[in-house]
Amino acid sequence: MSGVLLVSSLLTNEHTASTAPPASLGQPDQPDQPEPGSTAPLPEIPGTGVLRPGDSGHGVYELQVRLLQIPQIYDRGAINGRYDTKVRQAVARFQQRYGIRGDEVGVYGDNTRQALMLRTK
């Protein structure tokens, strides 16, 4: 008889769990989004924004990886996510070699980003 009670208890718990209301009203498959009319800043889209000396993070890391793909631009350069003097010099060399205008020398702006992305993976 105790086996019947155990099975009955399990079935009851399973039914309760499947009909219980969700813990939150948000969609689990949807990323968190600000409420309509909210003034919260939107997250930065990868691959956008200006990078310059003193910056650090994933964007600089990806810049370093791409710079290494262009011969004689950032040879043996560090991949550490820090926009230091060597990265600035590499960006300036890249800008000069490919005639990129519109961004400050040594600053990874929109024009430099587009040119580098077209030449790398």
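Below, the structure is looked at part by part. (Residues numbered from 1 in each chain as written. Predicted model: local features only at pLDDT ≥ 70, side-chain atom pairs only at ≥ 80, totals over all residues. Heavy atoms only, no water.)

## Digging into the packing of helix α3 (residues 85-98) against helix α4 (residues 110-119)
Selection rule: Fitted lines through C-alpha atoms give the axes, limited to the stretch in contact for helices. The angle between two N-to-C directions lies from 0 to 180 degrees. Elements are defined by DSSP. Helices are runs of H or I of four residues or more, strands are runs of E of two residues or more, and each kind is numbered from the N terminus. Angles below 35 degrees are treated as roughly parallel, those above 145 as roughly antiparallel, those between 65 and 115 as roughly perpendicular, and all remaining angles as oblique. Whether two residues are in contact is decided by their heavy atoms, any of which lying within 4.5 Å being enough. Under the scheme applied here, ten amino acids are nonpolar (Ala, Val, Leu, Ile, Met, Phe, Trp, Tyr, Cys and Pro), four are charged (Asp, Glu, Lys and Arg), and all others, including Gly, are polar.
At a minimum axis separation of 11 Å, α3 and α4 run at an interaxial angle of 80°. On the basis of the axis angle, α3 is roughly perpendicular to α4. Each of V91, F94, Q95 and Y98 in α3 lies in contact with α4, whose residues at this interface are T112, A115, L116 and R119. Residue composition of the contact of α3 with α4, grouped by class: 5 nonpolar, 2 polar and 1 charged.

## Points about the side chain of T112
Note the cut-off: Within 3.5 Å is the distance limit for a polar contact, defined as a pair of N or O atoms, with the added protein rule that one can donate a hydrogen and the other accept it, and that residues adjacent in sequence qualify only through two side-chain atoms.
In this structure, T112 sits in helix α4. Looking at T112, its side chain comes within polar contact range of the side chain of Q95, at 2.9 Å. Excluding anything up to four places from it in sequence, T112 contacts V91, F94, Q95, I100, D103 and V107.

## Description of the pattern of salt bridges
Stated formally: Whenever Lys or Arg places a side-chain nitrogen within 4 Å of a carboxyl oxygen from Asp or Glu, that contact is recorded as a salt bridge. Three labels apply to residues, based on accessible area from a 1.4 Å probe with only protein chains included: buried if under 20% of the type maximum, exposed if over 50%, partly exposed otherwise in between.
Counted under the stated rule, the structure contains 1 salt bridge. A salt bridge links R52 to E104, with the nearest nitrogen and oxygen atoms 3.0 Å apart. A residue pair is termed long-range when its members are at least 10 positions apart, and R52 in the loop between α1 (2-19) and α2 (58-68) and E104 in the loop between α3 and α4 qualify at 52 residues. In this structure R52 comes out as partly exposed when scored by relative accessible area, which is 34%.

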